[in-house]
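# Fold and geometry: a report
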Amino acid sequence: MAGMWYVHADDDSVGLVGTVAQVLGAGSRVVREATALGLRRRLLACAPGSACAAVGPATGDVDPVNLAAALVRDGHAREVVLVVDAASGSLRSRAARAGVTRVLDRVEVRRLAPARGDGAGAAGQPACPTPAQAPATPAFDDDAGPLDMPDLDGVSSPPQACAIPRHLHGDRVPKAVTRRADAAPAIVVASGRGGVGKSAIVAAMACAAASWGLRVAVVDLDLCAGNLYGYFGLGEAPTLDALEQGGDVDEARLLSLGAAACEGVTLWGPCRRPEMAEAVAPYASDLLACAANASDVVLVDTPTTWTDAVAEAVQGCDRLLLVGDERAGSVSSMTRVAALAVRLGVARTRIARATNRQDPRQREEPFLFRADVGLETARAFPVLEGTDEVAECLSAGQVAQLAAGGGDFASSVETMLAKLLEELGRLPDTGPARAARDREVMRRPRGLFSRMREAG
């Protein structure tokens, strides 16, 4: 649509953003504004709906997403288009709710305008041959006339004029909570497939650590579909949804969102409304730092699919515990996840692995030996199968009773946790903790009538 388009971006991106304005507003005048405040004033000087704006990556301390939201709130721009280097799903959905007309990343811009006539592609990419129908390099009209406007009610920059939630800003926003040097160690439990018992192991480890007198923080990073709270008998998930509303994020606010799962254990997550998962995910690193500052050990449960929040937790953890079982395909899924962790920068010495539902009657460990491929330095732990009562206790929300009752499952999980904490120098100096560390996970033969119901 012909008219006036105002463009604001840095020198490296302004040609690309100007091309977007030229394509979307065929025949329009395209004017570059050097400052975010100048762009906002230009639009306020126009009649409402008579001009459009395209905002791209810019230098300075004004985030382009924040600027776009401020322009929308002013209400004078007919369209506000945001051009970013990479657009996550969270950024797109939240920008849409803020009223931004369209979000385009560099790949989408190249599809929109397949080639440019200046001989240079976007972000250093080689230019494509210019077809006849492709737009030429935008010729910015710098003769936009004088601008005589008062200050915007004393507001000097768009971020103060229209503060929007942090999760619109992406990775460039500084984290609100800093993890202290003496913070608790974090053990992240992950897998490459579902149904291997990650959540059951996390819940049992939490109860074991609490029984040794530790303050335990449990974070369920399966923000959409996590069910860890059910194992503790909580009727509903501790809500993290309030973070979606934005506002100041500090340790006091994050601590208030945790729920007492059982004595000594505080649980955060998942979202009570699954649709809020993407909006809450950018706060995960703040949440983990807060949990580490306020506890003696942090246990993190993760979804099968690794989101950005999971990847960040894995990168910052003290131990990554990869869980598998003896089903077909478990070895390959575990090695794939281990390879991903290594590519994310996790040292192999920080990786441990557990094989869940080990048959107590089995004398050898062929599964663990086969899993050595790519995981030669990873310490291996067997987690014994237990009996049918394990599943019954977990389903009934009685993991604390399950952990206290002993049995194959609970005892092997307790021993695994004690050995991990000893490696980290955080094993408490208590009799039960030392006994768990020194215990051997025994496999014993069972007779035909020996599968007795036990809490473990």
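Since this is a predicted model, take the numbers as computed values, not measurements. (Residues numbered from 1 in each chain as written. Predicted model: local features only at pLDDT ≥ 70, side-chain atom pairs only at ≥ 80, totals over all residues. Heavy atoms only, no water.)

## Thoughts on helix H15 (residues 388-395)
To be explicit about the condition: Accessible area is worked out with a 1.4 Å probe on protein chains only. A residue is then buried under 20% of its type maximum, exposed over 50%, and partly exposed in between. Secondary structure elements follow DSSP: runs of H or I no shorter than four residues count as helices, runs of E no shorter than two count as strands, and numbering proceeds from the N terminus. Taken from the helix axis, the directions to the C-beta atoms give the arc we talk about. We call two residues contacting when some pair of their heavy atoms lies within 4.5 Å.
Three or more residues of H15 are buried, namely Val390, Cys393 and Leu394. End-on, the buried residues of H15 take up no more than an arc of 95°, which puts them together on one face. In H15, the exposed residues that point more than 90 degrees away from the buried face are Asp388 and Ser395. Contacts from the buried residues of H15 go to helix H7 (198-211), helix H8 (228-231), helix H16 (399-404) and helix H17 (408-423). Looking one or two residues past H15, Gly397 carries a phi angle of roughly 75°, positive in sign.

## Section: the state of the cysteines
Here a disulfide denotes a covalent bond joining the sulfur atom of one cysteine to the sulfur atom of another. To keep it simple, the criterion reads: Any pair of cysteine sulfurs within 2.5 Å is marked as a disulfide.
Evaluated as defined, the whole model comprises zero disulfides. Not part of a disulfide, Cys207 finds its nearest cysteine sulfur in Cys262, a span of 4.1 Å. The exposure class of Cys207 is buried, given its relative accessible area of 8%.

## Structural notes on the pairing of strand S2 (residues 29-32)
The condition that has to hold: Two strands qualify as a pair provided DSSP detects at least 2 bridges between them.
Bridge analysis of strand S1 (residues 4-8) against S2 gives four bridges, and the strand direction is parallel. Bridge pairing in S2 places Tyr6 opposite Val31.

## Structural notes on the environment of Cys271
Relative to the helices and strands, Cys271 is located in the loop between strand S9 (265-268) and helix H10 (277-280). Measuring from C-alpha to C-alpha, the distance between Cys271 and Leu223 comes to 5.3 Å, with 48 residues separating the pair along the chain. With sequence-adjacent residues up to four places away left out, Cys271 is seen in contact with Leu223, Ala237, Asp241, Met276, Ala277 and Val280.

## Considerations on the packing of helix H2 (residues 36-45) against helix H3 (residues 64-74)
The line we're drawing: Axis definition: a line fit to C-alpha positions, over the contact stretch in the case of helices; interaxial angles, taken between N-to-C directions, run 0 to 180 degrees. Comment on the angle field: the value is read as roughly parallel under 35 degrees, roughly antiparallel over 145, roughly perpendicular from 65 to 115, and oblique elsewhere. Throughout, a crossing is termed right-handed when the near helix is turned clockwise from the far one, and left-handed when it is turned anticlockwise from it by less than a right angle. Here the term charged refers only to Asp, Glu, Lys and Arg, the term nonpolar to Ala, Val, Leu, Ile, Met, Phe, Trp, Tyr, Cys and Pro, and the term polar to all other amino acids, Gly among them.
Packing of H2 against H3 brings their axes to within 10 Å, and their N-to-C directions diverge by 20°. Comparing the axis directions of H2 and H3 gives the class roughly parallel. Remark: the crossing between H2 and H3 carries right-handed chirality. Across the interface between the two elements, Ala36, Leu39, Arg40, Leu43 and Leu44 from H2 touch Leu67, Ala70, Leu71 and Asp74 from H3. Partitioning the contact of H2 with H3 into residue classes produces seven nonpolar, no polar and two charged.

Such coordinate-based values are descriptive only and should not be taken to indicate function.
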